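A look at the structure
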Amino acid sequence: MRNQQSTQLLFELSRAGRRAHRLGDLDVPSVNVDDLFTAESLAETPPPLPELAEGDVVRHFVCLSTLNMSVDTHFYPLGSCTMKYNPKRNERIASLPGFLNVHPLQHESGLQGLLELLYELQGMFAEISGLPGVSMQPAAGAHGELAALLVAAAYFREQGSDRSVVLTADSAHGTNPASAQMAGFKTKTVKSNANGLVDLEDLKAKLDDKTAVFMLTNPNTLGLFDSQIEEINQLVHDAGALIYLDGANMNAILGITRPGDFGADLMHYNPHKTFSGPHGGGGPGAGPICVRDFLAKYLPGPIVTRVENENATSDDDRYTYHLTSPSGDSIGRVRSFFGNTGVLVRAYIYLRTYGGDGLRHVSEDAVLGANYLLSKVKHFLDVPHGNRCMHEFVASASRLKKEKHLSAMDIAKRILDYGFHAPTVYFPLVVDEAVMVEPTETESKQTLDAFVEALFRITEEGEELIHDAPHSTRISRPDDVTAARRPVLKWTDAAGESAT
Amino acid sequence: MSYLFHTDEDRREMLKSIGAESIDEIINDQVPEAVRLKRPLNLPPACNELALTAEMTRLAARNASADSHVCFLGGGAYDHFIPAAVDEIASRGEYYTSYTPYQAEVSQGNLQVMFEYETLVTQLTGLGVSNASLYDGGSAATEAVLMALSMQRGRNKVITTDVVHPQYRDILVAYLKNIDAELVVVPSDENGHSKPMIDAIDDKTACVLIQHPNFVGQLESVSEIAAAAKEAGALTIQVFDPVSLGRLKRPGDMGVDIAIAEGQSLGNPLAYGGPYLGIMACRDELVRRLPGRIAGQTTDRRGKRCWVLTLQTREQHIRREKATSNICSNQTLLALRATVHLSLLGPEGLKETADHCIAKTAYAKEVIAKSERFEVVGEGPSLKEFVVRDLGADVAGLLAHAREQGLLAGIDMTPMCVGGSEASEPAVALPSRYEQCFLVAVTEKRSRVEIDRWANVLCEAPSMATV
């Protein structure tokens, strides 16, 4: 009973003369645009956009939505991505006009409610990280990495230091070396040891007076908390470098340990992972960063500050909140306006919902869920790095590949037929045929059991069935190679003419 | 508690399977004693949905919004109308709670939307190829500059002018500080036009960055500047306003190589500055240097047309330090909103929106100019934004007075001018001729009644100086 027109493109549904949105008559004198503007500046016709009725548009996009898996509909054991439940109250509250319809260049006198929220949130981020300086401007985790590295660069520049190298772990997210490159640093890779932790000998060999920052993910992308953290802290700081913490895995350690307490000088959060912001099909996220006090003056801004009112008559005017623009030592701005405020408001609601104790329970249950899955999965899939993990673990399909020609990708594709999103595969790069599983705290034991059962069944299934999987989805195994070799990146009409 | 699932019984069974006595045992096995937090986090106590909703509603009500006030603010974010269908579609959980479409088979909805978005952006801009979105207009402008620098080896000069959005220039300054690039900010002429930049273009110039219409609402000579850049072997990057393209020539039709925009105007709420939508399109030849995700068309194993993320060898998760950019997450949900919005508008709706902006802006200019206190700054027509000088030299007081009357009447430009509190360095400042001026935006949403009231309130405001 699928609507067969549902996957036609907007452009194929278009009919000349159809129209959804109309403004109607002007209530001011109309002007002759052709007289007012020079011919040089005017287009002869408006852009060739599709022409549709409102009913067309709504049915089209609603039908398309049903071709997506989502957290609202499916379990996403997607390692490194923390696909937890996205609370509905966050959406409703963030949509209040006093948050949603506020202009970014409004005067701060009309923003006291929002600025109070953002000020409190800065403080919560500082408390959870153990790092007092906070900027909420970066728009995503990778953007936070870049901003923090620019902060580090500004710090070293003021020191008169020519430290120009950033060390990243071989198990790190690809954003780490890419961010370092964009911030103007050269990158060197530090190896992982046989246990999946930082290879201390390799770290020692690569640390020198040119090292600016060591970018660490802890717990790392194998889901392991690096038990050598005190030694790493010592080594890096003795070498005069800073430690950056990739906060992608914060969901494992909330209220358990704090980056600032284990040696990090700078870090970012991913509120769209850890603090329940929805992923939106790939964004928006946010990437607030926290730094040690001596780095705070370099932070991008604006940031929120407050002044106590001596003559306050109620709680509402106890403080006046101010936006403090970047100036002097600050690196300036990394995006326009304040930041991804909507994502930050959701994070605030989430943090208020749990409170401090509740937040620790979040991480405890995330760790419990991952270890429970690990205890089941290790009976039929190799897990190269240990019996225990934090909030996620990485299995390997390497043996299955040799014995049954089943790759990590095959498993990922086949599990879709069982009604689960695939785990992350082929990451981190340090594990052959990696299958990376992160259940989060918002999945029940029943769901985890069903997932394990499905995974196990797949390892017992026939090769052919799996190689052609998925079978139940509208499409199966798209041709990625042709897509990249002969890119078709936009619709063109039947005559083959470009849409433009 | 809140969104957690496990009962005590569940936890016992799970621990048994793990072979651990407690969750603490699992954690303490890995996290060294010395670095463990030995006290609860100092956060406000847990709050239930009912109480939190009430508290947040009170907090939200303390903000002036485009609902409680009449909004004449612009400067890169605009109070345009958003049809209900945009909100309805974007609030479907299948869209907003889904992940990046790496698993194409279960993400065809998002992938097709991305492909449609890319096509719409190419139709809008007249350029050959678009990515699937970047963070916002400001950072997209800088990404475009980095893209141009990476393509133009041996050229390290970036030329822009002092009427490009000050915050966009601020981002550029921050990003360029640690790499081998020289930023040249050429002063605009007395009318706020950027043509003088042409003389600064030389054989070391990698790209020129212009905004059209620019920050002060003036139209630029885009074709002429682009032609001069091309002759010198430099690329032209234009910041455009999507709504303006209902009437103005498209970037691709004026010789522009990379076009970028803030896509907030296309169906996205003001949201105090974010999340917004960075639009970026470029000529076909530049596609391999384009940052961000791209969706492309292909076929599946049964020959069915479908969509996938493609050209991923540009991206950080494959290429690491050799990637075109570090960008990972983008703004898919906002790109969805823009896609729905443009589908609802179509060519005639976009044109009508631009026409209404033009007519209402012309009317606002006319009524404000009737007062001797005010002077419209700059010649020529406006799309939806213009500058007003307060000859009473009290813009801050004037705008505060208007706020008390329920009007967000304009943006004070004085702090953005040379030496002002928001001009962190000369490269970021507006020319001093905009001191005691304010920037006004009039969208299709503003009614004649609202515009008349705006003019009346401003004209009747007390002034510090005698006019």
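Residues numbered from 1 in each chain as written. Chains lettered and ligands numbered in written order. Predicted model: local features only at pLDDT ≥ 70, side-chain atom pairs only at ≥ 80, totals over all residues. Heavy atoms only, no water.

1. Digging into the overall build of chain A
Assigned secondary structure in chain A consists of 17 helices and twelve strands. Relative to a compact globule of 500 residues, whose C-alpha radius of gyration would be 23 Å, chain A shows 26 Å and is just as compact. Considered along the principal axes of its C-alpha atoms, chain A spans approximately 75 × 75 × 45 Å. When the 500 residues of chain A are sorted by exposure, 64% land in the buried category. Considering only contacts within chain A whose residues lie at least 6 apart along the sequence, 70% involve residues at least 24 apart. Accessible area of chain A: about 17,000 Å², with a carbon and sulfur share of 46%. Of the charged side chains in chain A, 45 are positive and 63 negative, and the gap between their average positions amounts to 4 Å. (Helix = DSSP H or I, 4+ residues; strand = E, 2+ residues; numbered from the N terminus. Rg over C-alpha atoms; globule rule 2.2 N^0.38 Å. Buried < 20%, exposed > 50% of the residue type's maximum accessible area, 1.4 Å probe, protein only. Contact = heavy atoms within 4.5 Å. Areas by Shrake-Rupley, 256 points an atom, 1.4 Å probe, with all protein chains shown as cover. Lys, Arg positive; Asp, Glu negative; His and termini not counted. Charge placed at Lys NZ, Arg CZ, Asp CG, Glu CD.)

2. Quick notes on the nonpolar core
Within the largest apolar cluster, 124 residues are counted, with the highest numbers of intra-cluster contacts made by Phe99(A), Leu118(A), Phe125(A), Ile128(A) and Leu203(A). A per-element tally of this core places helix H12 (residues 341-377) of chain A first, with 18 residues. Beyond its immediate stretch of four places on either side in the chain, Phe125(A) contacts Val134(A), Met136(A), Tyr269(A), Phe275(A), Pro288(A), Cys290(A), Leu344(A), Ala347(A) and Leu351(A). Within the second largest apolar cluster, 67 residues are counted, among which are Ala152(A), Tyr135(B), Ala140(B) and Val287(B). (Core = buried A, V, L, I, M, F, W, Y, C linked by side-chain atoms within 4.5 Å.)

3. Re the pairing of strand E10 (residues 305-309) of chain B
With four of its five residues buried, E10(B) lies for the most part within the structure. Linkage of strand E9 (residues 295-299) of chain B to E10(B), two consecutive antiparallel strands, is achieved through a turn of five residues, within which Gly303(B) is found at a positive phi near 85 degrees. (Pairing = 2+ DSSP bridges.)

4. Looking at empty space enclosed by the protein
Counted according to the given criterion, the structure contains five cavities of 30 Å³ or more. Taken as a whole, the largest cavity holds about 220 Å³ of empty space. Around the largest cavity, the lining comprises 20 residues; the ones closest to its centre are Tyr78(B), Gln211(B), Pro213(B), Asp241(B) and Glu385(B). For the lining of the largest cavity, the class distribution of residues is eight nonpolar, eight polar and four charged. In terms of lining, the second largest cavity is formed by 16 residues, of which the most central are Ala169(A), Ser171(A), Ser192(A), Val198(A) and Asn220(A). The element contributing the most residues to the lining of the second largest cavity is strand E4 (residues 211-217) of chain A, with three residues. (1 Å grid on protein atoms, 1.4 Å probe; cavity = no way out; pocket = protein on both sides within 12 Å on 5 of 7 lines; lining within 4 Å. Points joined across faces, edges and corners; volume = space filled by probe spheres on them. Nonpolar A, V, L, I, M, F, W, Y, C, P; charged D, E, K, R; others polar.)

5. A few points about the UniProt feature "domain: Aminotransferase class V" (unreviewed entry) in chain A
Annotation from UniProt places "domain: Aminotransferase class V" (unreviewed entry) at residues 147-280 of chain A. With 31% helix and 19% strand, residues 147-280 of chain A has end C-alpha atoms that lie 23 Å from one another. (UniProt positions renumbered as here; feature names shortened; annotations may be inferred.)

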